[in-house]
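# Residue-level structural notes
Each chain, letter by letter, is given below.
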Amino acid sequence: MFLPSVLALEVKQSAWIVPIFVPLGIGSLALWGACKLKQQFPGLTIIEYSEVVVGKVLGKVLTASFILFLLSFNIQLIWDTTGFLSITLLPKTPALILNLSMVLLGAYIVPKGIEVIARMAQFVLPLFLMAVVFVIVLAMRDFEFGNILPMLEGGVLPIVKNSLAPAYIFGEVGLLTLFLPMVNESQVIGRKMLMMLVAAAGSLSAVILTTILVFGPEVTGSYVYSFFALAKFVQAGRYIQRVESLISILWITGITIKMALLFYLCSVATAQCLGLKSYKSVAYLLTMVQGALLIFLGSVSVIQMQIIDNYLQSIGLGFELALPFFLLLTAIIKKKWSTR
Amino acid sequence: MNIKIKVLIILVVLLFQMIFITGCWSSREVEDLAISNLFGVDQVTENGIDKWQISIKMSNPIGQKQSVSQSDKISGVQEILWRGTGLTIEDAISDCVEHSSGIPLYGHIRAIIFGEKVAKEKIAVFIEAAMQYWEISPRIYFIVTKGEAYNILQAEPTLGVSLSKQVSQMCDRISEKHGAAVGVTLREISARILSPDRDGVLPQLKVSYPGKKDSKVTGLNKTIFLEGFGVFRGDNLVGWLDLEEARGYLFIAKKLAGENIYLPANHNGKWFTYLIVASKSKIKTQLTRGDKLKVRITIQTQGSMGDAGKDVGPEDIEWMESSAAETIRKLAIKAIDKSKEYDADYLGIIQNLHRHDLDAWQKVKSHWREIFQNAEVEVEVKSKIVNTGQLLQFRLQKH
């Protein structure tokens, strides 16, 4: 929701090109790494094989920091979502109520298991895509094709330099290292995930392109949530107007699924790290931890929150991409060393 | 789990749900809303201090149909005008709405009118605030007026509609159809103000006073009409376009389709109406070696012939077309001259150079206004008459 604005602010009219280069490449690399690790350690998650690769102590340290990253990533996601709700649809509702509602919803979904989360996604994704396509179609009559000219005004460098935020999102594919062992038909997952990555990059690019074609790069960069502003702008005659609520509701539903998935992965990872058989008790414990942290964040200033956001973005790629590759490389070297 | 405990849990959940589904903090009942339709924004000086003045036209639900006599006739005012002042925009709005018992709703605003002083100095501040506020749609119209916007909001509506509806109708289509102005939305004006290579315009609302020489209506205290534009250089209002310059601007900068601009044209003292139904233009820019900008503007119009008289036949179409083209060319040149006079490129000439010749733009980026001032502009107009609109009997009489 905020990515078109962030990119248009820096890359101007060429912002729509950003997702289809470096972020897609990073996502594909993370996917390749996850698939290779799965081949090396079939049936094991990153939590289990990290101890095998780098030893018990270092393995525990790595997995503990990975769990902390997942936890903070999920808290940041909840915080950003309620921030969006507070600015747009529910300005009078206390942020704490929205935050705690999200956490409680997560606590309800997570113990039901990964299949429930997958079925939710199956149900919501077509609705969300239809709503996005609906907005794009309505926006077509206001397209000003001159808005994307001149292409690549600042060259390729701004596109590469501003790829961190979308690369962080696409790098989330690296989290596959946690739930690949739970997936059926894991032979075709690589191909399917690659198709999903291309589709995600394409749709993100289409959303940014539509926003720039209607608003121009300067206005797109000025709005915090420019696609939300676009949903407020589009209309068909006097009959269909102000469709932003539809977009917001579906977007929040999608975010809820992502939040539930991260919460689930965090619970499973913690349970595996501690050697527990069931992750459900961990999920309940994490609900309380997340609730407490969100209450604490309520007293954090905007500037401090910005620092946390930037910090997470920079360490995010480390856990999504660098950690799996480090483990893969170490495993390969160890294997070659032992065969000698 | 015991079935009794399950039922108990479901009952507790349902009971709690009842608390939440009745509404939450952000809920607003329709009957409690103070619906804002039209905004006026001014800068005024009170006791030597510059202040924002906000005037709001709000819907008056009981004014829609109020029984004042035995016959249940429509009377009362449809909209109430509120006014407030403050050191900041929010302060002025809060001063304005604090006396209304309703909860303010700004999502229904159709247009925002700026007084001359605020348009000259602080329009960017208000635009930024409007873009930040979640209820405001980027599709609302922005308008400018000479003097105070509050004066405009005191005018009486015509033809039984509310003032806000009249303003929105004028911006929507009526003015464009008459070639007097065109509605400019928040999206467009914010894009122009933030643009590194183009200036913008806002349509001008004028007041018509009965009894005065230029009055266009009788029987009302004062009414409003949309005609001409206010010209912005960056985010400052620098001047105005009259009706002819406004038409010139429309022919160069806008693609008009299905419009009905009535243009009186003449040839050797013979007057006729050229009724324009479609118009489009193309701007071509070229930067020569001595950093001289050459601009070629081509305007193509299609239209029909109106009230030319019975003595006109197909053989006259050619001179009528060239005469209409010459009239349009003169209007376009007026708009270009005014643009140079105000040093404001609202026609999009430099934007065209930026978009189509990046190397040239890099060269002139720092001093593009100077380049625009010295640009050589050539205008070519091709006008076509596609329909004579004459009655057969009158044509037969000629032969």
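All values derive from a computational prediction rather than experimental measurement.

The final tally for this structure, using the stated rule, is 20 salt bridges over all chains. Among the salt bridges present, the one from B:R187 reaches A:E144, with a minimum N-O distance of 3.9 Å. A residue pair is termed interchain when its members come from two chains, as with B:R187 in helix α7 (residues 186-194) and A:E144 in the loop between α6 (114-139) and α7 (157-161). Given the relative accessible area of 11%, B:R187 is considered buried. For A:E144, a relative accessible area of 32% puts it in the partly exposed group.

For the rest of this paragraph, the subject is the side chain of B:N352. Residues and elements named next belong to chain B. Position of N352 among the secondary structure elements: in helix α10 (residues 349-356). For N352, a relative accessible area of 14% translates into the label buried. Separated by 3.0 Å, the side chains of N352 and T285 make a polar contact. In contact with N352, not counting residues within four places along its chain, are I283, K284 and T285.

Turning our attention to helix α1 (residues 3-11) of chain A. Residues and elements named next belong to chain A. Taken as a whole, α1 has its buried residues at L3, P4, S5, L7, A8 and V11. Considering only its buried residues, α1 is in contact with α7, α8 (164-170), α10 (189-222) and α11 (226-233). Two residues or fewer past α1, K12 is found with a positive phi of approximately 55°.

Let us look at the packing of helix α2 (residues 22-40) of chain A against α10(A). Residues and elements named next belong to chain A. Close contact between α2 and α10 brings their axes to 10 Å; oriented N to C, the two are set at 165°. What the angle tells us is that α2 and α10 run roughly antiparallel. In this structure, the crossing between α2 and α10 has a hand that is right-handed. For the pair α2 and α10, the contacting residues are L24, G27, S28, L31 and C35 in the first and G190, M193, L194, L197, V198 and A201 in the second. Partitioned by chemical class, the residues of the contact of α2 with α10 number eight nonpolar, three polar and no charged.

Conventions used here
Residues numbered from 1 in each chain as written. Chains lettered and ligands numbered in written order. Predicted model: local features only at pLDDT ≥ 70, side-chain atom pairs only at ≥ 80, totals over all residues. Heavy atoms only, no water. Salt bridge = Lys/Arg side-chain N within 4 Å of Asp/Glu carboxyl O. Helix = DSSP H or I, 4+ residues; strand = E, 2+ residues; numbered from the N terminus. Buried < 20%, exposed > 50% of the residue type's maximum accessible area, 1.4 Å probe, protein only. Polar contact = N/O pair within 3.5 Å; in protein donor to acceptor, adjacent residues only side chain to side chain. Contact = heavy atoms within 4.5 Å. Axes fitted to C-alpha atoms, helices over the stretch in contact; angles between N-to-C directions. Parallel < 35°, antiparallel > 145°, perpendicular 65-115°, else oblique. Left-handed = near helix turned anticlockwise from the far one by under 90°. Nonpolar A, V, L, I, M, F, W, Y, C, P; charged D, E, K, R; others polar.

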